[in-house]
Amino acid sequence: GRLEERLSGIMQRVDKTDKETASIMMMQNHQNIMLAKLESKFDSFESKLDLLLNCKRKVGKNEN
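A brief report on the enclosed structure follows. (Residues numbered from 1 in each chain as written. Predicted model: local features only at pLDDT ≥ 70, side-chain atom pairs only at ≥ 80, totals over all residues. Heavy atoms only, no water.)

## Brief notes about the overall build of the chain
What the chain contains, in helices and strands, is one helix and zero strands. In summary, the chain has a C-alpha radius of gyration of 28 Å against a globular reference of 11 Å for 64 residues, an excess of more than 25%. Dimensions of the chain, computed from the C-alpha atoms along their principal axes, are close to 95 × 10 × 5 Å. In the chain, buried positions account for 2% of the 64 residues. (Helix = DSSP H or I, 4+ residues; strand = E, 2+ residues; numbered from the N terminus. Rg over C-alpha atoms; globule rule 2.2 N^0.38 Å. Buried < 20%, exposed > 50% of the residue type's maximum accessible area, 1.4 Å probe, protein only.)

Pasting the structure below:
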């Protein structure tokens, strides 16, 4: 009886830990997706900024 109770308690803690681990993994996956989206937007912004700066330099050279 007592051994079964201890084993049952251990199994409940293992199940709880498994659920928490699965939840953490889902959150990590969501964070990775969001990070990829942010990185893509940053790359797009960076290339637009480079284009804008190049255009500004060309206009500055033409004024001289």
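## A closer look at a negative patch on the surface
Residues Glu39, Asp43, Glu46 and Asp50 make up a contiguous surface patch of negative charge. By the secondary structure assignment, Asp50 is in helix α1 (residues 2–63). (Patch = residues over 30% accessible without salt bridge, like charges linked within 9 Å, V, L, I, M, F, W, Y side chains within 5 Å. Areas by Shrake-Rupley, 256 points an atom, 1.4 Å probe, with all protein chains shown as cover. Salt bridge = Lys/Arg side-chain N within 4 Å of Asp/Glu carboxyl O. Lys, Arg positive; Asp, Glu negative; His and termini not counted. Charge placed at Lys NZ, Arg CZ, Asp CG, Glu CD.)

## Considerations on a nonpolar patch on the surface
Together, Phe42, Phe45, Leu49, Leu52 and Leu53 make up an exposed nonpolar region whose accessible area comes to about 490 Å². By the secondary structure assignment, Phe42 is in helix α1. According to the relative accessible area criterion, Phe42 is partly exposed, its value standing at 48%.

## Some details on the environment of Phe45
Inspection of the secondary structure assignment puts Phe45 in helix α1. For Phe45, a relative accessible area of 52% translates into the label exposed. When the C-alpha positions of Phe45 and Val59 are compared, they lie 21 Å apart, and in sequence the two are 14 residues distant.

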